[in-house]
Amino acid sequence: MKQMKLSLHSLSAQMILSFVTLVLLTAVAAGLPAVWLIRDQLGRQAWAQVEQGSLAAKALYEAKQGELHSLSTLTAQRPTLRELQAAGDKDTLTAYLHTLQEGSGLDLVLVCDSGRVAAQAGEAIPEELCAEHGQAGFYTARADPLPQVWLLAAHPLDGEAKESAGTVIVGMALNDEFAAQMSAQTGLEHTLLVNGQAVATSIPVRRALPSSAREASPQDTFDVNGHLYYATYLPLDGAGLRAEVALDVSGISSTQRDLAWTLAGTILVVAVAASLLGTYLARRIGQPLSRLAYAADIMSKGDLDSPLTIEPGVREVALVAQALEGARSDLKRTLTELRREKAWTDHLLE
């Protein structure tokens, strides 16, 4: 324990500890604020990108609604469609609707008459849709295992809102394919949620949104297969239908970790360099001092004939060496004179 205290109080140990402490304090004081600022800036940019994606998604939904409204109007104004509907020929009307549906790229073309389905082309949809005369906007249909979400537009066949004349309803299925298209157009992942349950998504594996987060905030973060996402939510109707726009920030998190490891590695390298520099300086100063201490010990034992041949590289140590060499020379000269006087005195007494 005593030896340990001596080593800690040695010049070499104190210089090394001083260098390492100074380097660590400088690196931490300069590096940590920089890393924090970079992390904060990256997070802000990520959330800003998510918000921009949400605005782009909202604009795309409005554009699709306008497009569907125009298609429903054009479809309802076709004279052939009106004639077939008035004639009551369901097979011919259905074939005609299939032609319209394939040509327009719609997922559904439906003709309602007196609240019932007269004919339809495309994916199946519940019968009660026709009962809700003039259904337009977002529509959620019950299905197994997941609900089906539609974007619909309706227009009366005679140009007026009369149920007896029939109604044309055109629709677009908001499924995984639609979510993938929205993701490609916005550059962010897109998910449709019904009461917190993902019914259509561009993310290969998507967990259901916890019920505690559905009403808490328009923003959220979640993890899917080790990928962290920043998400914002866009309400589409008042019945629990929302669109989720999400950004994969795993790359940002990886960058933040790399920054932290880079800072730690830099501190370690600089600390090692400071230790080596401190060791070099301590040896450069300590070794001449050790030799001076050894020479002083020799002088204390009476050996005044050996001159000091130390060549220190530090000015202060050189001054100490010169002073010690001068003291040795003076002491030797004084002792020589004393011996001569003693010899003369002894001779006189004899």
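Check the entry above for the structure.
Read on for a plain summary of the structure.

What counts as what
Residues numbered from 1 in each chain as written. Predicted model: local features only at pLDDT ≥ 70, side-chain atom pairs only at ≥ 80, totals over all residues. Heavy atoms only, no water. Helix = DSSP H or I, 4+ residues; strand = E, 2+ residues; numbered from the N terminus. Buried < 20%, exposed > 50% of the residue type's maximum accessible area, 1.4 Å probe, protein only. Contact = heavy atoms within 4.5 Å. Areas by Shrake-Rupley, 256 points an atom, 1.4 Å probe, with all protein chains shown as cover. Salt bridge = Lys/Arg side-chain N within 4 Å of Asp/Glu carboxyl O. Pairing = 2+ DSSP bridges. Core = buried A, V, L, I, M, F, W, Y, C linked by side-chain atoms within 4.5 Å. Polar contact = N/O pair within 3.5 Å; in protein donor to acceptor, adjacent residues only side chain to side chain. Axes fitted to C-alpha atoms, helices over the stretch in contact; angles between N-to-C directions. Phe/Tyr/Trp six-rings, centres within 6.5 Å; stacked < 30°, edge-to-face > 60°. Arc of directions from axis to C-beta. Expected span 1.5 Å × (residues − 1).

Here we look at the overall build of the protein
In terms of helices and strands, the protein carries nine helices and ten strands. Of all 350 residues assigned to the protein, the portion counted as buried reaches 37%. The contacts in the protein between residues at least 6 apart in sequence include a share of 53% that link residues at least 24 apart. For the protein, the exposed surface amounts to about 20500 Å²; the carbon and sulfur share of it is 57%.

Some details on the pattern of salt bridges
One pass over the full model with this rule turns up two salt bridges. Between Arg-333 and Asp-330 there is a salt bridge, with the nearest N and O atoms lying 2.6 Å from each other. Pair noted here: Arg-333 and Asp-330 are both in helix H9 (residues 315-349), with a separation of three residues, about one helical turn. We classify Asp-330 as partly exposed; its relative accessible area is 39%. Across the pair Lys-342 and Asp-346 runs a salt bridge whose closest N-O atoms are separated by 3.1 Å. Within this pair, Lys-342 and its partner Asp-346 are both found in helix H9, separated by four residues, close to a single helical turn. By relative accessible area, which is 55% here, Lys-342 ends up exposed.

Notes on the pairing of strand S9 (residues 227-235)
Two strands pair when backbone bridges link them, and strand S8 (residues 219-224) and S9 are joined in this way by six bridges, in the antiparallel orientation. Looking across to S9, one finds that Gln-219 is bridged to Thr-232. If you look at the hairpin formed by S8 and S9, you'll find two residues sitting between the two strands, and Asn-225 has a positive phi there, around 55 degrees.

Structural notes on the nonpolar core
Generally speaking, a soluble globular protein has its nonpolar side chains buried in company with each other. Counting residues in each nonpolar core, the largest one holds 42 residues, and the members touching the most others are Tyr-61, Leu-81, Leu-97, Val-111, Leu-174, Leu-192 and Leu-236. Counting residues per element, this core draws most heavily on helix H2 (residues 11-76), at six residues. Residue contacts for Tyr-61: discarding those within four places in its chain leaves Phe-138, Leu-174, Phe-178, Met-182, His-190, Leu-192, Leu-234, Leu-236 and Ala-243. Counting 13 residues, the second-largest nonpolar core is a separate cluster that includes Leu-110, Leu-129, Trp-150 and Ala-173.

Comments concerning the side chain of Ser-202
Inspection of the secondary structure assignment puts Ser-202 in the loop between strand S7 (197-201) and helix H7 (211-214). Judged by relative accessible area, which is 19%, Ser-202 ranks as buried. A distance of 2.6 Å separates the side chain of Ser-202 from the side chain of Glu-189, its partner in a polar contact. Looking at Ser-202, its side chain comes within polar contact range of the main-chain nitrogen of His-190, at 2.8 Å. Those residues within four positions of Ser-202 in sequence are excluded, and the remaining contacts are Ala-179, Ala-180, Ser-183, Glu-189 and His-190.

Brief notes about the sheet that holds strand S6 (residues 189-194)
Sheet strands associate in pairs through backbone hydrogen bonding, adopting either a parallel or an antiparallel arrangement. Read from one edge to the other, the open sheet built from five strands follows the order S7-S6-S10-S9-S8, with strand pairing classed as antiparallel. Where the open sheet ends on each side, the last strands, each with one partner, are S7 and S8. Neighbour-to-neighbour, the strand axes of this sheet turn through a mean angle of 35 degrees, independent of strand direction.

A closer look at the packing of aromatic side chains
One pass over the structure, following the stated rule, counts four aromatic pairs. Both rings, one in Trp-47 and one in Tyr-230, keep their centres 4.5 Å apart while their planes meet at 5 degrees; by these two values the pair is stacked. Linking Trp-47 in helix H2 with Tyr-230 in strand S9, this pair joins segments that are 183 residues apart in sequence. Between Tyr-61 and Phe-138 the ring centres are 5.7 Å apart and the planes differ by 65 degrees, which places this aromatic pair in the edge-to-face class. Taken together, the positions of Tyr-61 in helix H2 and Phe-138 in strand S3 (residues 137-141) put the pair 77 residues apart, joining distant regions of the chain.

Here's the deal with helix H6 (residues 176-186)
Buried within H6 are the following residues: Phe-178, Ala-179, Met-182, Ser-183 and Thr-186. All buried residues of H6 fall inside an arc of 140 degrees around its axis, so they share one side. Exposed and facing more than 90 degrees away from the buried side of H6 are Glu-177 and Ala-184. Looking at where H6 begins, the residue whose side-chain oxygen comes 3.3 Å from the main-chain nitrogen of Glu-177 is Asn-175. Downstream of H6 by one or two residues, Gly-187 has phi in the positive range, about 80 degrees.

What about helix H4 (residues 90-104)?
Note that an α-helix has 3.6 residues per turn; residues three or four places apart therefore point the same way. In a regular helix each residue adds 1.5 Å, so 15 residues correspond to 21 Å; H4 covers 21 Å between its end C-alpha atoms and thus fits that length. Listed in full, the buried residues belonging to H4 are Leu-93, Tyr-96, Leu-97, Leu-100 and Gln-101. Looking straight down H4, one finds its buried side chains confined to an arc of 140 degrees; they lie on one side. Across from the buried face of H4, at angles greater than 90 degrees, the exposed residues are Asp-91, Thr-99, Glu-102 and Gly-103. Among the residues trailing H4, Gly-105 stands out with phi positive, at a value near 75 degrees.

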